[in-house]
Structure formats: C-alpha cells, structure tokens
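Residues per chain, in single letters:
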Amino acid sequence: MRLKHVKGSEEAIASSALVVQDPKEKRGKWFSVFGNDNSVRIEIGMGKGRFITEHAVRNPDINYIGIEKYSSVLLRAIQKVEAMEKPVPNLIFICMDATEICEVFGEKEIDRIYLNFSDPWPKDRHAKRRLESRQFLEKYARILKNDGVIEFKTDNRILFDFAVEEVEPAGWKIDAITYDLHGDPAVNEGNIMTEYEEKFSSMGNPIFKYIISKNL
Ligand code: SAM
C-alpha cells in the first residue's frame, strides 16, 4: 500500500492506548495484555483495519491483534476504533515489521493468522519478503498452536499461485481453497471484506482464498 506519510503519525501511534508500545516484552504473556486466557488471532498487514475491527466486534470472546508496518496506515485504523460508540477491549494494534514476529510472540501463542491482500513483491529476488513465503511460514509454524490455521485471501493470481506452491514444501497442508470466494458459499460463510477486497471485487476481480494448517 502506497500512502503519503501522515505528519505526526509516529507521535500519535506512540501515545495511543490502542497500540502496544513494547511488544517484545509481551512475548509469551499476551494474556496479561488482555486480562484473560481467550484465544489470540492476529492479522498481519492489516492496513486500515476494517477486517480485524469487525471481527473483534463480532467475537468479544476472542482477542485480536492487528499488525501493520506503517504508522500512517495504522493511524487510520486507530482513528476508526476511537470514533466508535463503544470501546473494543479485545482489539489492540502493533506497529512493526512482520519479520520480527517470533520476537513478539512465543511458541504456540497464537490461534489463527489472517493475511489479506498482502503486498505481492513481484520480483523473484524479493520472493522471501512475501508474507506467504516458506520463510514466513516457518516463522508462523513456531508461533501458531498445533491446531491453528492461516487464512489468506487476495485477488492477485500470481501471488496466490506462489502461496499455494509454498504450502507443502514448508510443511503445511491445505484445508480449504477457492478461486472464487464470493461465489463459494461454504468458504465465504461469515466473510468480512477488507478495504482492498471491496475495491477489487467491485471491479469484477475474483477473490482467491486458502486455509492451511501445519502438517504434523
Ligand atoms: N489487509 C488490508 C486490506 O486487505 O485491505 C491492506 C492490504 S495492503 C495491500 C498490505 C498492507 O500490508 C499494507 O498496509 C502494508 O503496509 C502492510 N505490510 C506489508 N508488509 C508488511 C510487513 N512485513 N509487516 C507488517 N505489515 C506489512
């Protein structure tokens, strides 16, 4: 996502109660941040945050953590949550690069990972930067519970084909897959559209989705 830098966004993020400022210190004890033992789901590259915010509102007994690299983008999500009528106590945000994910979450601390419309990094030499690469799947395997899943959706066929090819070599298995999410009632049940999903599906693009789990 290319977004103009918003002046003051770093300061706003640094002083927001919705953002965990020292996430590495919470490693292995995220339950203490939420004050309960409920399961924890994360979205990596959450952008402006509609997806994870709506999930948190619909599921108050699940904890959600939105992860976004850029403060200017994260600020949009924070502003939306702050403008809501009621607080959303089961939702917090982290401003960080996903490469550091294992320093922030302990072994098997996470129940589910959402990846939505990830940056495609089209050049071959940048393949390992793709959030669905085997390098990232190896990191996710460490922080995810054994019965945990990753849900990934995109309209980018090249990125999706790459992601599907990474699954088995990285030690994962596909539990569900569709090449037309909105036309697939089973996989689409309860689907919450992201900002990108709404934009690209309204242009007529099919949405691809997989759900994968560790091949134990
Ligand atoms: N998920 C949102 C959606 O579907 O509307 C936003 C999609 S946007 C194309 C991708 C987002 O992922 C951007 O906001 C970008 O800053 C973020 N992102 C990309 N790489 C990241 C990384 N390594 N760590 C954290 N966030 C990342």
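Everything numeric in this text was worked out from a predicted model, so none of it was measured.

1. Quick look at the overall build of the chain
Stage number 1. Summing up its helical and strand segments, the chain has nine helices and seven strands in all.
Stage number 2. The globule rule puts the C-alpha radius of gyration for 216 residues at 17 Å, and the 17 Å found for the chain is close to it.
Stage number 3. By principal-axis analysis of the C-alpha atoms, the chain measures approximately 40 × 40 × 35 Å.
Stage number 4. Counting only residues that meet the buried cut, the chain has 48% of its 216 residues in that class.
Stage number 5. Of all intrachain contacts in the chain linking residues separated by at least 6 positions in sequence, the fraction that spans at least 24 positions is 77%.
Stage number 6. Of the side chains in the chain, 32 bear a positive and 35 a negative charge, and the two mean positions are spaced by 4 Å.

2. Concerning the pattern of salt bridges
Stage number 1. Evaluation of the coordinates by the stated rule reveals 14 salt bridges.
Stage number 2. Residue lysine 24 pairs with glutamate 100 through a salt bridge whose shortest N-O separation is 3.1 Å. One end of the pair, lysine 24, is in the loop between helix H1 (9-14) and helix H2 (30-34); the other, glutamate 100, is in the loop between strand S3 (91-95) and helix H5 (101-104), with 76 residues separating them in the sequence.
Stage number 3. Through salt bridges with shared partners, a single network forms among Lys24, Glu100 and Glu103.

3. Describing unusual backbone geometry
In terms of backbone geometry, most residues other than glycine have negative phi values and most peptide bonds are trans.
Stage number 1. The residue phenylalanine 117 is not glycine, and still its phi comes out positive at about 55°.
Stage number 2. Structurally, the position occupied by phenylalanine 117 is in the loop between strand S4 (110-116) and helix H6 (134-143).
Stage number 3. Positive phi outside glycine occurs at tryptophan 121, with the angle close to 40°.
Stage number 4. Tracing the chain through its elements places tryptophan 121 in the loop between S4 and H6.

4. As for the sheet that holds strand S5 (residues 144-154)
Stage number 1. Pairing in this open sheet of seven strands is mixed, and the strands run S3-S2-S1-S4-S5-S7-S6 from one edge to the other. Every interior strand has two partners, whereas the edge strands, S3 and strand S6 (172-178), have only one. Averaged over neighbouring strand pairs, the angle between their axes works out to 20° when direction is ignored.
Stage number 2. Pairing of S4 with S5, which is carried by six bridges, proceeds in the parallel orientation. Bridging across to S5, isoleucine 113 finds its partner in isoleucine 150.
Stage number 3. Strand contacts of helix H4 (residues 71-82): strand S2 (63-68) and S3, with the helix running at about 165° to S3, the strand carrying the most contacts.

5. Overview of the state of the cysteines
Stage number 1. One pass over the full model with this rule turns up zero disulfides.
Stage number 2. With no disulfide of its own, cysteine 95 has cysteine 102 as its nearest cysteine by sulfur position, at a separation of 19 Å.
Stage number 3. Judged by relative accessible area, which is 30%, cysteine 95 ranks as partly exposed.

6. A word on the pairing of S5
Stage number 1. The buried fraction of S5 is high, at eight of eleven residues.
Stage number 2. Running through H6, the crossover from S4 to the neighbouring parallel element S5 is right-handed.
Stage number 3. Across six bridges, the pairing between S5 and strand S7 (residues 208-214) is antiparallel. Paired with isoleucine 150 across the strands is isoleucine 212, a residue of S7.

7. Here we look at the packing of aromatic side chains
Stage number 1. As enumerated under the stated definition, the model contains ten aromatic pairs in all.
Stage number 2. Geometrically, the ring pair formed by tyrosine 196 and phenylalanine 200 is tilted, given 5.7 Å between the ring centres and 55° between the ring planes. Of this pair, tyrosine 196 and phenylalanine 200 both sit in helix H9 (residues 195-202), four residues apart, roughly one helical turn.
Stage number 3. Using a relative accessible area of 29% as the deciding quantity, one classes tyrosine 196 as partly exposed.
Stage number 4. For phenylalanine 200, a relative accessible area of 18% translates into the label buried.

What counts as what
- The written sequence of each chain sets the order in which its residues are numbered from 1.
- Local features in a predicted model are, by the rule used here, given only for residues with pLDDT of at least 70; side-chain atom pairs are given and counted only at 80 or more, and totals for whole chains, interfaces and linings are based on all residues.
- Calculation of side-chain values draws on the structure's entire complement of heavy atoms; hydrogens and water are dropped beforehand.
- In this description a helix means any DSSP run of H or I spanning at least four residues, a strand means any run of E spanning at least two, and both kinds are numbered starting from the N terminus.
- Put simply, the radius of gyration uses C-alpha atoms, and a globule should come to 2.2 Å times the residue count raised to 0.38.
- Only protein chains enter the accessibility calculation, which uses a 1.4 Å probe. A residue is then buried if its area is under 20% of the maximum for its type, exposed if over 50%, and partly exposed in between.
- Note on contacts: a residue pair qualifies if any of its non-hydrogen atoms lie within 4.5 Å across the two residues.
- None of His or the chain ends enter the tally, which takes Lys and Arg as positive and Asp and Glu as negative.
- Every charge is mapped to an atom, namely NZ of Lys, CZ of Arg, CG of Asp or CD of Glu.
- Any Lys or Arg side-chain nitrogen located within 4 Å of an Asp or Glu carboxyl oxygen qualifies as a salt bridge.
- Here the rule is simple: two strands pair whenever DSSP picks up at least two bridges between them.
- Between the N-to-C directions of two axes lies an angle of 0 to 180 degrees, each axis being a line fitted to C-alpha atoms and, for a helix, fitted only over the stretch in contact.
- Sulfur atoms of two cysteines make up a disulfide when they are within 2.5 Å.
- When the strands point away from the viewer, a crossover counts as right-handed if the path from the first strand over the helix to the second runs clockwise.
- Only Phe, Tyr and Trp rings are paired, with Trp represented by its six-membered ring, and only when their centres lie within 6.5 Å; those with planes under 30 degrees apart are stacked, over 60 edge-to-face, the remainder tilted.

Honestly, that's just the spatial picture; any functional story needs more than this.
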